[in-house]
Amino acid sequence: MEKRTFIKLSSVFLTGSLFSPMTSCNQTKQTESRATTQSGKQYNWARNLEYSTENFQYPEYARDIQGLIKGSKSLRILGTRHSFNRIADSTQEIVSLQKIKPVYVIDKENKTVTVDGNVKYGDLAEYLHSEGYALHNMASLPHISVAGSCATATHGSGVKNANLSSEVVALEMITAAGRLLRASRTLSPETFPGMVVALGALGAITKVTLKIQPAFQVRQDVYQNMPLVEVKKHFDEVMSAGYSVSLFTNYAKENINQVWVKRKVEGDVKLNLATDWFGSKLATKNLHPIEEISAENCTEQMGVPGPWHERLPHFKMNFTPSSGEELQSEFFVPYKNGAEALAAVFELHEKITPHLLISEVRTIAADDLWMSPCYQQDCVAIHFTWKQDWMAVKQVLPLIEEKLAPFNARPHWAKLFTMSPSRLQSQYKKLDDFKKLIKEYDPEGKFRNEFLEQNLYGV
């Protein structure tokens, strides 16, 4: 591998994915500084998107957010800047939650934790584990905020694990009128499923209450080079082999480069794993999803048990991402079509591989959240981490979307896609009900932006 290529690969991560070797405190500050230029221009995390306004507000308290919203004609709320499209963009005003001090409140009787919306999953996980608790799952990227992740149906993995937003049981939101609204599954059973994955269209989420459970241990094992034909033949068995399973491939050959299997550790039960599994070999050392890169920053593998929050992500919690020379796309298809859909994408390998860093395939259980891609259906998510060449990726995405169209694929709300608004809207049977909520809580369209206008209302 050429030195230039290695350096470039080392600076990227896969969401479920690739981190650069950086310490958390200093690098968080560096990442924030990279998001702003000296001229005041503001960028997202990957720097593939320049925000349409330099009018950024940084409130320190929820009451300040109320005043900002009440006094604004048009604005959007911004979390950790990890969206790759313009879902969080505004031409008028952007309110960033990054300066609000995180607060955690555990309710042991009801087994919940209430946090400020800007709290990052990595920080929350560390706190919960120190108190003996856990979340049901983690995305592979721990620096994303709770509110932003839930609002876009961001997920972890597992045939029995629904996305992160499925654990939300209550929330506090500031509406367009500046009113503080409290909603929950018990207070608002009919509309609450439409308020969680809300795409930032209903208001500013200031607090979120999540279900928690006792902390648990997880082990992680990696297999290399599983033939695609075996994956297709044994798809259910492969994807349900652990609490969470990820397939990594670059589509260069008809095989899966790596299969990461994360299993709960039950007491002193010992597992004797076969070294051969459906044509793949058990790895004999820790691996990075891109094998040319050192596994130093990856979570421990080789079957070594560890706390849930140190195994469910692919990368260690004390490393935060770089500015990220990459682009990301992701498409959800019904689980029953997962193997067939993956095989269809492989047919495009000559078009995909030259522009790809790595692709990850995961499963997500069904939920009841109106605007979730997994609404009332178990899903397989096919994720692409691209080289940062939008003109090339823009040509490939329609080909992938066409291949996945027979399976009614739905794109991740915060990643890159080219699907027409009419096709996207046809995939959401509760869209009209969601629009009624928007009209109720934001009648003047204060939180609406170009992204929402195009994808929810466009033709």
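Our subject is the structure that appears above.
Residues numbered from 1 in each chain as written. Predicted model: local features only at pLDDT ≥ 70, side-chain atom pairs only at ≥ 80, totals over all residues. Heavy atoms only, no water.

S.K.: So what's going on with the environment of A139? Which residues, and what values?
M.R.: Residue position: A139 is located in the loop between β6 (133–134) and α5 (146–151). On a C-alpha basis, the gap between A139 and N163 in space is 8.7 Å, while along the polypeptide they are 24 residues apart. Discounting chain neighbours no more than four positions away, the residues touching A139 are I144, T154, H155, G156, L164 and P313. (Helix = DSSP H or I, 4+ residues; strand = E, 2+ residues; numbered from the N terminus. Contact = heavy atoms within 4.5 Å.)

S.K.: How would you explain empty space enclosed by the protein if you had to name every residue and give the values?
M.R.: Under the criterion given, the structure shown has six cavities of 30 Å³ or more. Here the largest cavity defines a volume of roughly 510 Å³. As for the largest cavity, its lining consists of 31 residues, and the residues nearest its centre are G79, S83, G148, S149 and T152. At the level of elements, β2 (76–78), α5 and β10 (204–211) are the ones that each hand at least two residues to the lining of the largest cavity. A per-element tally of the lining of the largest cavity places α5 first, with four residues. When its residues are assigned to classes, the lining of the largest cavity shows 13 nonpolar, 15 polar and three charged. For the second largest cavity, the lining is made up of 15 residues, of which A147, L171, M195, V196 and I205 are closest to its centre. Taken together, the elements giving at least two residues each to the lining of the second largest cavity come down to α5, β8 (168–174) and β10. For the lining of the second largest cavity, a count of residues per class yields 13 nonpolar, two polar and no charged. (1 Å grid on protein atoms, 1.4 Å probe; cavity = no way out; pocket = protein on both sides within 12 Å on 5 of 7 lines; lining within 4 Å. Points joined across faces, edges and corners; volume = space filled by probe spheres on them. Nonpolar A, V, L, I, M, F, W, Y, C, P; charged D, E, K, R; others polar.)

S.K.: Which residues make up the pairing of strand β19 (residues 356–365), and what are the values?
M.R.: Burial within β19 is extensive, with ten of its ten residues counted as buried. Strand direction decides the pairing type here: strand β13 (residues 244–249) and β19, joined by three bridges, are antiparallel. Residue pairing across strands places L247 opposite V361, the latter belonging to β19. As paired strands, β19 and strand β20 (residues 379–386) are joined by eight bridges and run antiparallel to one another. Across the sheet, residue I364 finds its bridge partner in β20, namely C379. (Buried < 20%, exposed > 50% of the residue type's maximum accessible area, 1.4 Å probe, protein only. Pairing = 2+ DSSP bridges.)

S.K.: Kindly report on the sheet that holds strand β3 (residues 94–96), identifying the contributing residues and their values.
M.R.: An order of β1-β3-β2 is seen for the three strands of this open sheet, with the pairing classed as parallel. In this open sheet, the two strands that pair with only one neighbour each are β1 (56–57) and β2. Pairing analysis gives three bridges linking β2 to β3, with the strands arranged parallel. Directly across from L78, in β3, lies its bridge partner S96.

S.K.: I'd like a rundown of the sheet that holds strand β5 (residues 112–116), residues and numbers included.
M.R.: Taken in spatial order, the five strands of this open sheet run β4-β5-β10-β8-β9, and their pairing is antiparallel. At either margin of the open sheet sits one strand with a lone partner, and together these are β4 (104–107) and β9 (180–184). Between one strand axis and the next, the sheet turns by 15° as a mean value, whatever way the strands run. Bridging between β8 and β10 involves six bridges; their strand directions are antiparallel. Looking at β10, one finds that A170 is bridged to T209. Where helix α4 (residues 121–130) meets the sheet, it contacts β4, β5 and β10, and its direction lies at approximately 45° from that of β4. (Axes fitted to C-alpha atoms, helices over the stretch in contact; angles between N-to-C directions.)

S.K.: Run through the environment of L202, naming residues and quoting values.
M.R.: Structurally, the position occupied by L202 is in the loop between β9 and β10. On the accessibility criterion, L202 (0% relative accessible area) is buried. Separated by 26 residues in the primary sequence, L202 and A176 have C-alpha atoms spaced 7.6 Å apart. Other than its neighbours up to four places away in sequence, L202 contacts M173, T175, G194, M195, F434, L437, I438, Y441 and F447.

S.K.: Which residues make up the side chain of N137, and what values do they have?
M.R.: When you line up the elements, N137 lands in the loop between β6 and α5. On the basis of relative accessibility, which here comes to 2%, the residue N137 falls in the buried class. A distance of 2.7 Å separates a polar atom in the side chain of N137 from the backbone oxygen of S157. Among residues more than four places away in sequence, those in contact with N137 are G156, S157, N161, L164 and L312. (Polar contact = N/O pair within 3.5 Å; in protein donor to acceptor, adjacent residues only side chain to side chain.)

S.K.: Outline unusual backbone geometry, supporting the account with residue identities and numerical values.
M.R.: Notably, L199 is not glycine yet its phi reads approximately 60°, a positive angle. Under the relative-accessibility criterion, L199 is labelled buried at 2%. The backbone of N408 shows a phi angle near 55°, a positive value even though the residue is not glycine. Take N408: it is sitting in the loop between α10 (390–404) and β21 (410–411).

S.K.: Kindly report on the layout of surface pockets, identifying the contributing residues and their values.
M.R.: Rolled over the atoms, a probe with the dimensions of a water molecule shows which regions are left empty. Put simply, the second largest pocket is a space of about 510 Å³. N85, R86, W390, L416 and F417 are, among the 19 residues lining the second largest pocket, the residues nearest its centre. Every element with two or more residues in the lining of the second largest pocket is listed here: α10 and α13 (450–457). If one sorts the elements of the lining of the second largest pocket by residue count, α13 sits on top with four residues. The class makeup of the residues in the lining of the second largest pocket is eight nonpolar, six polar and five charged.

S.K.: Quick one: what's the story with the pattern of salt bridges, residue by residue and with numbers?
M.R.: A full pass over the atoms with the stated rule returns 14 salt bridges. Of the charged contacts in the structure, one is a salt bridge between K207 and D116, with a shortest N-O distance of 3.1 Å. Taken together, the residues span a long stretch of sequence, with K207 in strand β10 and D116 in strand β5 at a distance of 91 residues. Overall, D116 belongs to the buried group, its relative accessible area being 9%. (Salt bridge = Lys/Arg side-chain N within 4 Å of Asp/Glu carboxyl O.)

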